[in-house]
Amino acid sequence: MEIKKTSLVCMILFGLLGFAQSKSLQKADTNYGRYLYVDAVKTYENLAKKGYKSAQLFSKLGDSYYFQSSYAEANQWYEQLFSLQKKMASEYYFRYAQTLKSVGNYEKAATLMRAFEVQNATDKRAILAKKQTYYLDEIKKNSGRYRIQNAGINSPYSDYGAAFYQNTIVFTSARDTGGLFVRKHNWNNQSFTNLYGAKSLDSTKLGIPEKFSKNTNSKYHESTPVFTKDGITMYFTRNNYVNGKKGKDQKNTILLKIYKATKKVDKWENVVELPFNSNQYNCAHPALSPDEKTLYFSSNMPGSFGMSDLYKVSILPEVGFGKPINLGSTINTEARESFPFISKANELYFASDGHPGLGGLDVFVSQLTTEGAPGTIHNVGTPVNSPSDDFAFIIDVASKIGYFSSNRKEDTIGDDDIFQCVELLSLPQNCQQALVGIVVDATSQRPLASVQVVLLDQNLVPIKDTITDATGTFDFGPVECATFYSLRTNTKEYDSTETRILAAPVAGKTEIKMDLTLKIQSLKVGDDLRKALGIDIIHFDLDKDFIRPDAALELAKILEVMLQNPMLEIDVRSHTDSRQTHLYNIQLSNRRAQSTIQWLVNKGIDARRLTGKGYGETQLVNTCSDGVMCSEEAHQANRRSEFILTKL
């Protein structure tokens, strides 16, 4: 993943302030600025072990790991950073949140993102985090659609960025395959990346990788190719180096450019850079539209929203290329959007750490319109995505076989590995559900007319509202499949209620029934006060008669009604489940009734207003009688108390 990381470093690291505590720290700072992360990390960690503590030390340690996508290690240092200094530059809230996700602490990550939102209300990442409160539900909903395995072509070094080429998978690798002199990048002590190819032996097995092309492999990095369908043209990423000359930006850094090569007989020749490249910004990771009239790529050129954005540019037969167009704020954030891929179904897959995900880079997909504009963005879920970096996703829509890259710990041989995936179920695109429902009285089940029903999105933002007709029904028309919504009622006579729903994952109709309870109940002798007021069941633990904390909360509601209505009298009827003997359960339920009565008396209710009796297992609410196998939850439903009105 060398070029992935180099892109990030080129776009982030310059401008970070240095502060020397000692000669060792000065050396580490120098290495940090020159991207010698291996040496810098060792020096910083040695200083930390010797007792040095400073925000600058912990932030650079955290950053050194963060920029290498070692999120779990970065998390440890960011944690110390925030324990030492409460108020930080806003970007550290985002980075810390990302690393918290990588170690599974999503609750604390959400807290950090809220702090990030406070400082960056207009930041797209903050807007998305606030809007997509239930993003983990979305990810869970989209998960399980792929079967994955290590592709079998990986080395102990970085391997990533696969591409389809005839019967071969062409990919990027930092492996060393021999030679008298091996050039290594001093940033992480690995070889510079080259392109390798592995032939498909069958639908799921690849052959032994070999270097793809001597003509395109230079002494710097090559990566992420894409090929035209005729196999004659290749676009690929390389450091700013052509015809033996290297180009540098104003800060003396060799950035990334997209190059084009043409195949003649068995050789790739005529390597030229594309005209929209520049020595002053990165262009990388090309992808082609199905009709091969548009090239998509990643860049931080002027006008970008963040560290890297997705762009598209027209391929003009006689002219060459048009002007690059940013894909806009639907896709791009202030963070990284990169590694685009366009499937034959015109789906845009890309990697991002700006959209809410599981940590690090996640793979997302968006159905493109005929004009190439992105639609709704979906996280593809697990197992493709993980708390680590997951990126460079490609798929053949015909065979349903694809590849992606990841630096996850499990099943990984090197720094980054290529994984093969088989799509088991497609993510619904442009799928709609008809959302209809009925509102009824909870007690009589009578349909209720003229009730306002509000439709809210998954972040509880109102979308639209309607009024139930004479039959109590409402119709919101089409909504998006496999999406969470909430329905909220509003009427004078009944308590408002809110129901959360998940629209079905395939086209069809979602039907909802909403039960409303009257705000002012008309009570009569014989009614159960608990049911009339919508109070939760007063449960007891197995073989116990004490009042649980949750039961005390519900009993307090009964208490309040009795205090407001001094003439009201109640018969407390307690019940058990069917376990133990009939006699034992009668005795236990009697103790529960008396325990409930005593609780109310202790709170000020005259004992003369209360009667009670235990009914044991004689009035079960389900089929869990003697000899019937039931869950603990089913048995607990029978361990209850009722509050029957005997006088008003």
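Whatever comes next refers back to the structure up there.
Description of the structure in this document.

1. Looking at the overall build of the chain
Then, number 1: A tally of helices and strands in the chain yields 13 helices and 35 strands.
Then, number 2: Expressed as a percentage of the 648 residues in the chain, the buried residues total 54%.
Then, number 3: Considering only intrachain contacts with a sequence separation of at least 6, the fraction spanning at least 24 residues in the chain is 57%.
Then, number 4: Counting only carbon and sulfur atoms, one obtains 52% of the accessible surface of the chain, whose full area is about 29,600 Å².

2. Concerning the nonpolar core
Then, number 1: Counting residues in hydrophobic clusters, the biggest one holds 31 residues, and the most contacted among them are Y66, Y78, L81, F82 and L112.
Then, number 2: For this core, the secondary structure elements donating two or more residues are α3 (37–49), α4 (55–66), α5 (71–84), α6 (90–102), α7 (106–119) and α8 (124–131).
Then, number 3: Residues in contact with Y66, not counting those within four places in the same chain, are Y71, A74, Y78, F94, R95, Q98, T99 and D353.
Then, number 4: Core analysis: the second largest hydrophobic core is formed by 26 residues, Y196, I395, I418 and F419 among them.

3. Overview of unusual backbone geometry
Working note: non-glycine residues mostly have negative phi, and peptide bonds are mostly trans.
Then, number 1: Cis peptide bonds are those with omega within 30 degrees of zero, and the linkage from T382 to P383 qualifies with 5 degrees.
Then, number 2: In this fold, P383 is placed in the loop between β22 (374–379) and β23 (390–396).
Then, number 3: In this model, Q580 sits at a positive phi of 75 degrees, which is unusual for a non-glycine residue.
Then, number 4: Mapped onto the elements of the fold, Q580 is located in the loop between β33 (569–574) and α12 (582–602).

4. Re the sheet that holds strand β26 (residues 432–441)
Then, number 1: The sheet built from three strands is open, its strands ordered β29-β26-β32 with mixed pairing. Since the sheet does not close on itself, it has two edges, and those belong to β29 (473–480) and β32 (508–516), each with one partner. The sheet shows a mean angle of 25 degrees between the axes of neighbouring strands, taken without regard to direction.
Then, number 2: Pairing geometry for β26 and β32, over nine bridges, is parallel. Bridge pairing in β32 links V440 to D515.

5. Overview of the sheet that holds strand β30 (residues 484–490)
Then, number 1: Spatially, the four strands line up as an open sheet ordered β28-β27-β30-β31, and their pairing is antiparallel. The outermost strands of the open sheet, each flanked by one partner alone, are β28 (462–467) and β31 (498–502). Each strand of the sheet is rotated relative to its neighbour by a mean of 25 degrees, with strand direction disregarded.
Then, number 2: Sheet topology places β30 next to β31; five bridges connect them, and they run antiparallel. Bridging across to β31, Y485 finds its partner in I501.

6. Describing the packing of α4 against α5
Then, number 1: Their axes nearest at 8 Å, the elements α4 and α5 cross at an angle of 160 degrees. Classified by the interaxial angle, the pair formed by α4 and α5 is roughly antiparallel. In the packing of α4 onto α5, the handedness of the crossing is left-handed. For the pair α4 and α5, contact is made by A55, F58, S59, L61, G62, D63, Y65 and Y66 and by Y71, E73, A74, W77, Y78, Q80, L81 and L84, respectively.
Then, number 2: When its residues are assigned to classes, the contact of α4 with α5 shows eleven nonpolar, three polar and two charged.

7. Some thoughts on the pattern of salt bridges
Then, number 1: This structure, assessed with the given rule, holds 22 salt bridges.
Then, number 2: The salt bridge partner of K141 is E138, with a shortest N-O separation of 2.7 Å. Here E138 and K141 lie together in helix α9 (residues 135–142), a separation of three residues that amounts to about one turn.
Then, number 3: Residue E138 is classed as buried on the basis of its relative accessible area of 13%.
Then, number 4: The residue R640 makes a salt bridge to E642 at a minimum N-O spacing of 3.7 Å.

Conventions and cut-offs
- Residues numbered from 1 in each chain as written.
- Predicted model: local features only at pLDDT ≥ 70, side-chain atom pairs only at ≥ 80, totals over all residues.
- Heavy atoms only, no water.
- Helix = DSSP H or I, 4+ residues; strand = E, 2+ residues; numbered from the N terminus.
- Buried < 20%, exposed > 50% of the residue type's maximum accessible area, 1.4 Å probe, protein only.
- Contact = heavy atoms within 4.5 Å.
- Areas by Shrake-Rupley, 256 points an atom, 1.4 Å probe, with all protein chains shown as cover.
- Core = buried A, V, L, I, M, F, W, Y, C linked by side-chain atoms within 4.5 Å.
- Pairing = 2+ DSSP bridges.
- Axes fitted to C-alpha atoms, helices over the stretch in contact; angles between N-to-C directions.
- Parallel < 35°, antiparallel > 145°, perpendicular 65-115°, else oblique.
- Left-handed = near helix turned anticlockwise from the far one by under 90°.
- Nonpolar A, V, L, I, M, F, W, Y, C, P; charged D, E, K, R; others polar.
- Salt bridge = Lys/Arg side-chain N within 4 Å of Asp/Glu carboxyl O.

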